[in-house]
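Here is what each chain is made of, one letter per residue.
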Amino acid sequence: MRIWIDGHTCGYELECMAKLFFQAEKLPVETVEGPIPDMPEETLYTKAELLVGAGDENQYRLTVRLRCLNRTAGKLEDTELVKEVCCAPEQSQKVFEFHFGKMVYDLLSAATGVKPPWGILTGVRPVKLVQRCLSQGMDEDETEAFFRERYVSPEKISLALETARHQKPILEKITPKSYSLYISIPFCPSRCSYCSFVSHSIEKTAKLVEPYVGLLCRELEETAKLAESLGLELTSIYMGGGTPTTLSARQMEQVTDTISRCFPVKEALEYTIEAGRPDTITLEKLEVMKAAGVSRISINPQTLNDKVLASIGRRHTAKDVLECIEAARKTGFDNINCDLIAGLNGDTLESFQDTLGRLIQANPENITVHTLSVKRAARLRQEGEYLEAVHNPAAPMVEYAQKVLREAGYSPYYLYRQRDTLGNLENTGYCKKGREGYYNVFIMEEAQSILAAGAGATTKLKDPFSIYIERVFNYKYPYEYIERFSDILDRKGQVNRFYERIFNT
Ligand code: SF4
């Protein structure tokens, strides 16, 4: 599949849209001009022309032509849609995107027989869109109609609305000066084959860990001073990565001690550490976290199928996961999250159902169901396993999870999409009543500022009075972070300038 564009600049949006039907990492977008040239097989051609002399408003003619193998009819077909739309020039980009999106959806859906569940929505935050509709005065029926107009399936509309309702009281906890703290530990014991994060195998980067921890603590100290001088209020703390428990118990203590010394930990609604992989969690580290006041931890099996665990490069078994949950309970943790991935290579619907059943028995307060992304599947392709991953039944797994988790007393409280997931499905966090992971809601809905420390971390400065967000990036790799640490501290000045501007201080 290739994409040709003529007379407009919506190439990226069209590529995103076409990828809903043709799961590939990249689809080439080319600009063409003049009469429609001969289209090679599998081409999507889109053209926008301004109709001169069409009155006060600008009138455009949009053309979408598709040459594509009709999967149902089994033959190559040419189809074309033409539509005229009026819009003010300043709205033309949005109007183009919307109408092109719908026209492309109609043609591609007819040709492939696929109906992407999120319709023409390509953004990663559908619940934020619900929140925006509601805050603009639409009621739930109008919001539903807005999503229906964009071809979102009834099931996904009700999932997004339910999640938005669940989030409302959490978002109300935010004040103009509130912020969350994110700490990045970008190391893992080994690299999982599906991973698309910036994470570094501890075996290759062992020498960097000690200096990294030292500098991270310095960055945390500076961040705390900044937050205090600006009068910011801490809402939640989240340590993620990577796998924070890759650090030794002593190194973890060094970081948690710094946090306790510098930040008002007791004022935070939540303190999460993404312990992550069971092969890194020890009783000693659990005790360090508990003593530091950590209130929520993640222990992430991804699957409880031992064969799949081995094939994705995890060095632990299902039994290790369950023992780890048990140990965390004994240490006193009463809010545990477990991540699962639907669509992992080698996993079947039956083994996914078995995983979910056993996990529900273990009774964690949160279960987050992710969908494998095609990007990750692409990495599997390099290992000759791509096709199996793509044909994996992720959709029935996600659907099954939604049903049994509800029956087991969990409900959806945050939801996001990643580009290129199998079947264009979402990632959903479920929780028992009152056990929501606040940070997940704040970050996914971009509801407040996040002050971030560590390699690969991004500080997000959110204007509390508008949708404006400013970002401050830290260096991505630990070696850069260590070598150019003074730049990291210099960049923190942007936080000061941002808040001085917002509050005119
Ligand atoms: S544990 Fe998570 S961050 Fe680490 S390699 Fe595996 S998927 Fe990536």
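Criteria and cut-off values
Residues numbered from 1 in each chain as written. Predicted model: local features only at pLDDT ≥ 70, side-chain atom pairs only at ≥ 80, totals over all residues. Heavy atoms only, no water. Helix = DSSP H or I, 4+ residues; strand = E, 2+ residues; numbered from the N terminus. Expected span 1.5 Å × (residues − 1). Buried < 20%, exposed > 50% of the residue type's maximum accessible area, 1.4 Å probe, protein only. Contact = heavy atoms within 4.5 Å. Disulfide = S-S within 2.5 Å. Pairing = 2+ DSSP bridges. pLDDT = per-residue confidence, 0-100. Domains from an automatic or database assignment. Buried area = accessible area lost by both parts, 1.4 Å probe. Salt bridge = Lys/Arg side-chain N within 4 Å of Asp/Glu carboxyl O. Polar contact = N/O pair within 3.5 Å; in protein donor to acceptor, adjacent residues only side chain to side chain. Nonpolar A, V, L, I, M, F, W, Y, C, P; charged D, E, K, R; others polar. Patch = residues over 30% accessible without salt bridge, like charges linked within 9 Å, V, L, I, M, F, W, Y side chains within 5 Å. Areas by Shrake-Rupley, 256 points an atom, 1.4 Å probe, with all protein chains shown as cover. Lys, Arg positive; Asp, Glu negative; His and termini not counted. Charge placed at Lys NZ, Arg CZ, Asp CG, Glu CD. Axes fitted to C-alpha atoms, helices over the stretch in contact; angles between N-to-C directions. Parallel < 35°, antiparallel > 145°, perpendicular 65-115°, else oblique. Left-handed = near helix turned anticlockwise from the far one by under 90°.

Caption draft 1: Expanded view of helix α7 (residues 249-262). The terminal C-alpha atoms of α7, which comprises 14 residues, lie 20 Å apart, in line with the 20 Å expected from a rise of 1.5 Å per residue. Among the residues of α7, those classed as buried are Ala249, Gln251, Met252, Val255, Thr256, Thr258 and Ile259. Buried residues belonging to α7 abut β6 (178-185), α6 (202-229), β9 (233-241), β10 (270-276) and α8 (283-291).

Caption draft 2: How the structure looks around the state of the cysteines. According to the stated counting rule, one finds zero disulfides in the structure shown. Sulfur of Cys86: no disulfide; nearest cysteine sulfur belongs to Cys87 and is 7.6 Å away. The class for Cys86 is partly exposed, based on a relative accessible area of 44%.

Caption draft 3: Examining the pairing of β6 more closely. Of all eight residues making up β6, eight are buried, and the element is well covered by its neighbours. Residues Ser178, Ser180, Tyr182 and Ser184 line one face of β6 and the alternating positions Tyr179, Leu181, Ile183 and Ile185 line the opposite face, and both faces are buried. Pairing of β6 with β9 involves eight bridges; the strand directions are parallel. From the neighbouring strand, Ser180 faces β9, where its bridge partner is Ser236. When β6 meets strand β16 (residues 449-453), the two strands line up parallel, connected through five bridges. Pairing of Leu181 across the sheet is with Leu451, part of β16.

Caption draft 4: Representation of the confidence of the model for the chain within the structure. In this model, the chain carries a mean pLDDT of 90, and residues with pLDDT of at least 70 account for 94%. Here residues 381-392 is modelled with pLDDT under 50, and outside its nearest four sequence neighbours on either side it reaches 24 contacts, counting other chains as well.

Caption draft 5: Geometry of the domain arrangement of the chain. Taken domain by domain, the chain consists of domain 1 (2-114), domain 2 (119-171), domain 3 (173-295 + 436-505) and domain 4 (302-334 + 336-434). At the interface, twelve residues of domain 2 touch 16 residues of domain 4. Of all residues in domain 2, Val124, Leu159 and His166 bury the most surface against domain 4, accounting for 42% of the area lost on that side. Across the domain 2-domain 4 interface, the total number found is two salt bridges. The closest approach of N and O atoms between Glu426 and Lys156, which form a salt bridge, is 2.8 Å. Between domain 2 and domain 4 we count seven residue pairs in polar contact (both at pLDDT 80 or more) in total. Sorting the residues of the side of domain 2 that touches domain 4 by element identifies α3 (126-135) and α5 (154-171) as the ones contributing at least two each. It is α5 that contributes the most residues to the side of domain 2 that touches domain 4, six residues altogether. Residue composition of the side of domain 2 that touches domain 4, grouped by class: five nonpolar, five polar and two charged.

Caption draft 6: Examining a negative patch on the surface more closely. A cluster of like negative charges, contributed by Glu253, Asp257, Glu284 and Glu287, occupies part of the molecular surface. Looking at the negative patch, the elements with two or more residues in it are α7 and α8. Here Asp257 shows up in helix α7.

Caption draft 7: Main features of the packing of helix α10 (residues 318-331) against helix α11 (residues 349-362). Interaxial distance between α10 and α11 falls to 11 Å at its minimum, and their mutual angle equals 15 degrees. In terms of orientation, α10 and α11 fall into the roughly parallel class. The handedness of the crossing between α10 and α11 comes out as right-handed. In this structure, α10 contributes Ala318, Leu322, Ile325 and Arg329 to the contact, and α11 contributes Arg358, Leu359 and Ala362. Considering only residue class, the contact of α10 with α11 consists of five nonpolar, no polar and two charged.

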